[in-house]
Every structure is written in C-alpha cells, then in structure tokens.
Amino acid sequence: MAVEITGPMHERYDEILSERALELIGLLHRELNGRRLELLDRRRERVAEIAAGGSLGFLPETAPIREDPSWRVAPPAPGLVDRRVEITGPTDRKMTVNALNSGAKVWLADHEDANTPLWENVVGGQLNLLDAVTRNIDFSTEAGKSYALKPDEELATIVVRPRGWHLPEKHLLVDGERTSGSLVDFALYLVACGQLQLDRGAGPYFYLPKMESHLEARLWNDAFVLAQDFLGMPRGTIRATVLIETYPAAFEMEEILYELREHSAGLNAGRWDFMFSVIKTYRTRGTDFQLPDRNSVTMTVPFMRAYTELLVQTCHKRGAHAIGGMAAFIPSKDPAVNEQAFAKVEADKQREAADGFDGSWVAHPGMVDICKTVFTAVLGSNPNQLGKLRPEVSVTADELLDVVSTPGEVTEEGLRNNISVAIQYLAAWLEGTGAVGIFNLMEDAATAEISRSQIWQWRHNEVVLDTGAQITADLVTQLADEEIAKLEGDPARYTAARETFLEVANADDYIDFLTIPAYERMP
Ligand SMILES: CC(=O)SCCNC(=O)CCNC(=O)[C@H](O)C(C)(C)COP(=O)(O)OP(=O)(O)OC[C@H]1O[C@@H](n2cnc3c(N)ncnc32)[C@H](O)[C@@H]1OP(=O)(O)O
Ligand SMILES: O=CC(=O)O
Ligand SMILES: [Mg+2]
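Residues numbered from 1 in each chain as written. Chains lettered and ligands numbered in written order. Predicted model: local features only at pLDDT ≥ 70, side-chain atom pairs only at ≥ 80, totals over all residues.

Colleague: Requested: an account of the overall build of the protein, with residues and values cited.
Modeller: Secondary structure assignment for the protein yields 19 helices and 15 strands. Rg of the C-alpha trace for the protein: 22 Å, near the compact-globule value of 24 Å for 523 residues, within the 12% margin. Reported as C-alpha extents along the three principal axes, the dimensions of the protein are approximately 65 × 55 × 50 Å. For the protein, the proportion of its 523 residues judged to be buried stands at 51%. (Helix = DSSP H or I, 4+ residues; strand = E, 2+ residues; numbered from the N terminus. Rg over C-alpha atoms; globule rule 2.2 N^0.38 Å. Buried ≥ 20, exposed ≤ 12 C-beta atoms within 10 Å, placed from the backbone.)

This is the structure:
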C-alpha cells in the first residue's frame, strides 16, 4: 500500500480514506513534498535575511508579470459570482448545517484557523462535507433540536480551506514519511466531493491559507493540475481563493494571481494572520516593527490600509474577486456589548464595501445580515464590483512597511489579555476545538498566534509596560499563573496549554507556528 494509515479507522472512514484518495495522496506526496520542504526552508532563509538587515519589497525578477496588462484570471465559476457575504467556521456537523443555512453566499468550511487537526476532525469533517454535498446531513440532538438543510437554492456555496504548507499529517504516511496536511485535506475533499459538486452545478472550490510567495502558489497550481489529470477533470475545474495573510505575500499578490490564473477565484485579506506575520517576519528588528496592544491595531492604521488598498486594486486589475476579512466580534448575551459589536462589524464592512471589496467574511450566523445589507447597499443590482478598478490607488513598498506609524501602547492589560487568550485558546485547541469565543471575540489559530508572538517580540525588545515593569520570561510566567487562577473550572484543564504557551512565548528562538508543538501533543 502506497499510503499507510496510522490513525484509527472509525465508522465510515473508508468513504473518505478511499483507495482513490490514498492513491492521489501518494502521487501528490511523491511529486511535490520535496518542493514543499524546500519552500519552507526558503521562508526561514528570508527571515534570516531580514534579521540581518534585509527588507521585503516587490520582486525585480517578476516585474514583467506586474507590468504586462494583458492577462486576467479565469472568469468566476458557478456559485462564486456573488460573494457579498461569506461565513467561516469549522466542519463539525452542527456548524455545517448552520453555516450552509445561514443566508451567506459562501461557506468557508475550515480545516485551518478554526480547526484543530485532530484525526477525528480531519476525517470527520470531510464526512460531514460529503453528507452535506449529498444532502444526507439532517439530524436531531439528544435534547430534541432538529437540524435540516434548507432548499438547495438557499444554501451557501462550499469552499474548503485546507491546512497551510507548514503542517504535517502524522496519520497518513507515504513511504514512511509524514504527508502534508494541505495536500491531505485537499485530496480527501476533491476525491470525495469534487465530482458531486460539479454534478450539482458548483465545483471543487478552495481557500488557500498562509502562503508566503508566488512559488508556493505555483506548488498549489501544480497540485491542482496533477489532481485534475489524475481524476480526469478538465484543467481549470478547481478554483482557489488565496488568502493574502503573510507579510511576504503582500509583495507578491499579482504574481500569486498569475501563478494560479487558470484556477484563481481571487484574493482575500486575511488580516489576523497578516498581523501575526508582520510581527513574526520583523520580530528581531527592534521597535520600528513592533505593534502595540493587539486590540488597538485597527484596519485603518497606515500599513493595514496600504495592504487592503493594494489588494483590491490588484484583484480588480486582473478580473479577480477581492474578499474582505474577519471582524472578530461575535454576538454576546449582554445587549450593551452586542450593540457595540454590531456597530463595529457594520463600520468594518462599510469601509470594505466602499474600498471596492466584492464581499466579506463573518464568523457567526448572527452577523450574516449585517454584512449582506452593507454590501447590497453598495453593489445595487450588481453581484460584485469587479469593475471598480481603483486607478487612484498607488501603494509603495515603504507604505506596506510603515509599521512604526501605528499608534498605541504596550500595556499590562494588553499583555495579560494576550496571555489569557493564548492559554484559553490552546486549552480548547488541544481538546479538539479550533475556534472559541473569548472575551466576546472570536479567537482562532491566527489570533492566538498574534497573542503569543507579540509577547515573544516584546520580551525580545525588553519592552517596559505602562506600569514600569519590564517584560521578562519570569513576568510572563507569573502573569500566566495569575490569569489561569482567574478562569472558571478546574485549573488542571490548563496544564498542557500553559506548558505549550510558555514553550513558545518564552522560547529563546522563536517557534514558527504555535500549532507545530501543539500538534505534537495530540494523539
Ligand atoms: C482569522 C480567521 O481565519 S477567521 C476564520 C476562522 N474562524 C472561524 O471560522 C470562527 C467561526 N466562528 C465560530 O467558530 C463560532 O462563532 C464561535 C466558536 C466563535 C462561537 O460559537 P458559539 O459559542 O457556538 O456561539 P453561539 O452560542 O452564539 O452560537 C449560536 C448558534 O450559531 C451557531 N454558530 C456560531 N458560529 C457559527 C459559524 N461560524 N458557523 C455555523 N454556525 C455557527 C452555533 O453552532 C449555534 O448554533 P445552535 O443555536 O444551533 O446551537
Ligand atoms: O484567515 C484569516 C485571517 O485573518 O487570518
Ligand atoms: Mg488566517
């Protein structure tokens, strides 16, 4: 057998881990895994160059692609023409039904930021997707609540987000090697649901996360071509929206669209990972690249503005959708908090719609209408605003790199918030839940990465808090224990999360992704 399954085979897992799916995983691994590992090395080399005084910038060698006005991406595929509101969320059974029924145009079915790659989530989520696509997902809870899909024409289009290139899958081995989580999530969905989706008049659609260069986009494109040929699907059947959510990728947006042009469904402004990547990429370059308290960095600070303006302009120049990001506010039981949350989401979506985005993300069904209403007011009878070219926008590399102008302070409250959120999130993640509401905000892998990375950078920069205390490893440990003591329930729940958190926050050498050591703690 080309592929060895080392995780348990629960009921119906053979429907997802089919012979054909395993064959495709074997093929993709053998053809592409070496390049994947080289590209991950290239990421580390680039950070080392920046640490030594280098800088990000637009690439001279790809200038001809940027300067060639003639190319466009493929026209939008069925189900992806009107994307004014997209809901994101994990693929557990209840969320699957709720997201599809939410009234959003698209559901980002998340095997990434909102998911713990626990084996049961990796395969179980795919089973839920299969049941959703075959309309066999209706169920009732023990408490007697029934979940049933609405009629087809009211359901959101499914777009699956596989894991990023950095994450391995330890339960599927090829020639004894761990496989790529990205290729596994991609192949399992494509084989189980790709043709079924085409038969329903949609297609196998993906969101691609955390890429750091156009060469990583080329790797995805090569995976698409190999997989389509293997399955006898015409080239261009697969469509992918790329999240521009790393600092390096913000300088290669056009090249990323170009690499994927036959398969492209546009770009998305993944603001949370973007912020994480800004911190991570320039983490050792002193206070010029240091951000203040996480909650004070808004989308209107100069470097964020430069990033989203460039994204809309780049997309529309090439006929590609530009999709906005996640306002992390979720509905609360407290009416006063709720009112504020709705007002903030509305303002965020209004800015995006006015800037020319074609639609945007919400994290909760309760936020669908607000996003839809805001975008509908701007779109009128049009399904998107691809015609809004934004010729007046001119973003320079210096503007993208202008982190130093971000106003705000580093406070003890901000530090405590980062510590508490990271530990609470990690506890949930290690238990198998990849998205949680904490302090009235949606928290997921991206937001937790910001929290722990800020702490690492502040400590590295020997930042002094508003209280006069300097951030040290000892202080971080002390505050971690104080914050855990404030949480309800058994403190033992936080033991593994505390250890993982301190391992990354207090590490001498920065650890690239929080989820890498966390994954090693899981069965
Ligand atoms: C940075 C990024 O990548 S953003 C994208 C990744 N992150 C995400 O996708 C997070 C998505 N959101 C979520 O997972 C959830 O909203 C949470 C975990 C934050 C909060 O969920 P809950 O605590 O269940 O919220 P709440 O109790 O208000 O939910 C009410 C109902 O809405 C459902 N719901 C909430 N969020 C979602 C969602 N995103 N998709 C589908 N259903 C949802 C709940 O299942 C619940 O259903 P029920 O009434 O049938 O029981
Ligand atoms: O994936 C989205 C993000 O903001 O990160
Ligand atoms: Mg992200």
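Colleague: Talk me through the site of ligand 1; I want residue IDs and the actual numbers.
Modeller: Around ligand 1, the structure places 24 residues, and the nearest of them are Thr 88, Gly 89, Asn 98, Asp 113 and Ala 435. When residues of the shell around ligand 1 are traced back to their parent elements, those giving at least two are strand 2 (85–90), helix 4 (93–100) and strand 14 (436–438). Class assignment for the residues of the shell around ligand 1 results in 15 nonpolar, 5 polar and 4 charged. Each of domain 1 (3–398) and domain 2 (412–520) contributes no fewer than three residues to the shell around ligand 1. (Near = placed C-beta within 6 Å. Nonpolar A, V, L, I, M, F, W, Y, C, P; charged D, E, K, R; others polar. Domains from an automatic or database assignment.)

Colleague: Mind laying out the site of ligand 2, listing which residues take part and the relevant values?
Modeller: Taken together, Asp 113, Leu 243, Glu 245, Gly 270, Arg 271, Trp 272, Asp 273, Gly 325, Met 326 and Ala 446 are the residues near ligand 2. Breaking the shell around ligand 2 down by element, the ones donating at least two residues are helix 10 (271–281) and strand 12 (322–326). In terms of residue count, helix 10 provides more of the shell around ligand 2 than any other element does, 3 residues in total. Residue composition of the shell around ligand 2, grouped by class: 4 nonpolar, 2 polar and 4 charged.

Colleague: Explain the UniProt feature "domain: Malate synthase N-terminal" (unreviewed entry) in the protein to me, and be specific about the residues and the numbers.
Modeller: Those residues carrying the UniProt feature "domain: Malate synthase N-terminal" (unreviewed entry) are residues 3–63 in this numbering. Here residues 3–63 is 62% helix and 5% strand, with 41 Å between the C-alpha atoms at its ends. (UniProt positions renumbered as here; feature names shortened; annotations may be inferred.)

Colleague: I'd love a proper account of the UniProt feature "domain: Malate synthase C-terminal" (unreviewed entry) in the protein, names of residues and values included.
Modeller: When the UniProt feature table is mapped to this numbering, "domain: Malate synthase C-terminal" (unreviewed entry) covers residues 410–521. With 60% helix and 5% strand, residues 410–521 has end C-alpha atoms that lie 31 Å from one another.

Colleague: Account for the domain arrangement of the protein, with residues named and values stated.
Modeller: By a frequent convention, interface size equals the accessible area lost on bringing the separate parts together. Partitioning the protein into structural domains gives domain 1 (3–398) and domain 2 (412–520). The centre of domain 1, based on its C-alpha atoms, is set 25 Å off from the matching centre of domain 2. Residue-level contacts link 33 residues of domain 1 with 31 residues of domain 2. Of all elements in the fold, only strand 2, helix 10 and helix 12 (335–355) reach the threshold of two or more residues within the side of domain 1 that touches domain 2. Per-element accounting of the side of domain 1 that touches domain 2 gives the leading share, 6 residues, to helix 10. Taken together, the residues of the side of domain 1 that touches domain 2 break down into 16 nonpolar, 11 polar and 6 charged. (Contact = placed C-beta atoms within 7 Å.)

Colleague: So what about the pairing of strand 3 (residues 106–110)? Which residues, and what values?
Modeller: Successive residues of a regular strand alternate their side chains across the two faces of the sheet. With 5 of 5 residues buried, strand 3 is to be regarded as a mostly interior element. Of the two faces of strand 3, the one lined by Val 106, Leu 108 and Asp 110 and the one lined by Trp 107 and Ala 109 are each fully buried. By the bridge criterion, 5 bridges tie strand 2 to strand 3 in an arrangement that is parallel. In the sheet register, Gly 89 faces strand 3, and the bridge partner there is Ala 109. You can see the chain leave strand 2, run along helix 4 and come back into strand 3, and the turn it takes is right-handed. When strand 3 meets strand 6 (residues 157–161), the two strands line up parallel, connected through 5 bridges. Bridge pairing in strand 6 places Leu 108 opposite Val 159. (Pairing = 2+ DSSP bridges. Right-handed = clockwise from strand over helix to strand, strands pointing away.)

Colleague: Talk me through the nonpolar core; I want residue IDs and the actual numbers.
Modeller: Membership of the largest hydrophobic core comes to 152 residues, with the highest contact counts inside it found for Ile 25, Trp 107, Ala 187 and Leu 426. Both of domain 1 (3–398) and domain 2 (412–520) provide at least three residues apiece to this core. Each residue touching Leu 426, except ones within four places of it in the same chain, is listed here: Ala 448, Ala 497, Thr 500, Phe 501 and Ala 518. (Core = buried A, V, L, I, M, F, W, Y, C linked by C-beta atoms within 7 Å.)

Colleague: Could you give an account of unusual backbone geometry, naming the residues involved and the relevant values?
Modeller: Even without glycine at this site, Arg 135 takes up a positive phi of about 60°. Here Arg 135 lies in the loop between helix 5 (119–133) and strand 4 (139–140). Judged by local crowding, Arg 135 falls into the exposed class, with 12 C-beta atoms found within 10 Å. Even without being glycine, Asn 440 reaches a positive phi, approximately 65°. In this structure, Asn 440 sits in the loop between strand 14 and strand 15 (441–443). Judged by local crowding, Asn 440 falls into the partly exposed class, with 16 C-beta atoms found within 10 Å.

Colleague: Account for helix 16 (residues 445–460), with residues named and values stated.
Modeller: Between its terminal C-alpha atoms helix 16 stretches 22 Å, which fits the 22 Å expected from 16 residues at 1.5 Å a residue. Note on helix 16: the residue one or two positions beyond its end, Glu 462, has a positive phi of about 50°. (Expected span 1.5 Å × (residues − 1).)

Colleague: Describe helix 6 (residues 181–199), naming the residues involved and giving the relevant values.
Modeller: Since the α-helix turns once every 3.6 residues, residues separated by three or four places project in the same direction. With 19 residues, helix 6 extends 27 Å between its outermost C-alpha atoms, agreeing within 8% with the 27 Å of an ideal straight helix rising 1.5 Å per residue. Extensive coverage of helix 6 is indicated by the burial of 15 of its 19 residues.

Colleague: Give me the confidence of the model for the protein: which residues, what numbers.
Modeller: On average, residues of the protein score 97 in pLDDT, and 100% of them reach the 70 mark or higher. Interface confidence for the predicted complex, given as ipTM, is 0.99, next to a pTM of 0.98. (pLDDT = per-residue confidence, 0-100.)

Colleague: How would you sum up the sheet that holds strand 8 (residues 177–180)? Please name residues and give values.
Modeller: One open sheet holds the 3 strands; their spatial order is 1-7-8, and the pairing between them is antiparallel. Both outer strands of the open sheet, strand 1 (3–5) and strand 8, are each paired with one neighbouring strand and no more. Neighbour to neighbour, the strand axes of the sheet diverge by 60° on average, direction disregarded. Here strand 1 pairs with strand 7 (residues 168–174) via 3 bridges, running antiparallel. (Axes fitted to C-alpha atoms, helices over the stretch in contact; angles between N-to-C directions.)

Colleague: Summarise the environment of Asn 461; cite the residues concerned and give the values.
Modeller: You can see Asn 461 is positioned in the loop between helix 16 and helix 17 (473–486). Judged by C-beta crowding, with 17 C-beta atoms within 10 Å, Asn 461 ranks as partly exposed. Separated by 175 residues in the primary sequence, Asn 461 and Gly 286 have C-alpha atoms spaced 6.1 Å apart. In this structure Asn 461 touches Gly 286, Thr 287 and Gln 290, once residues within four positions along its chain are discounted.

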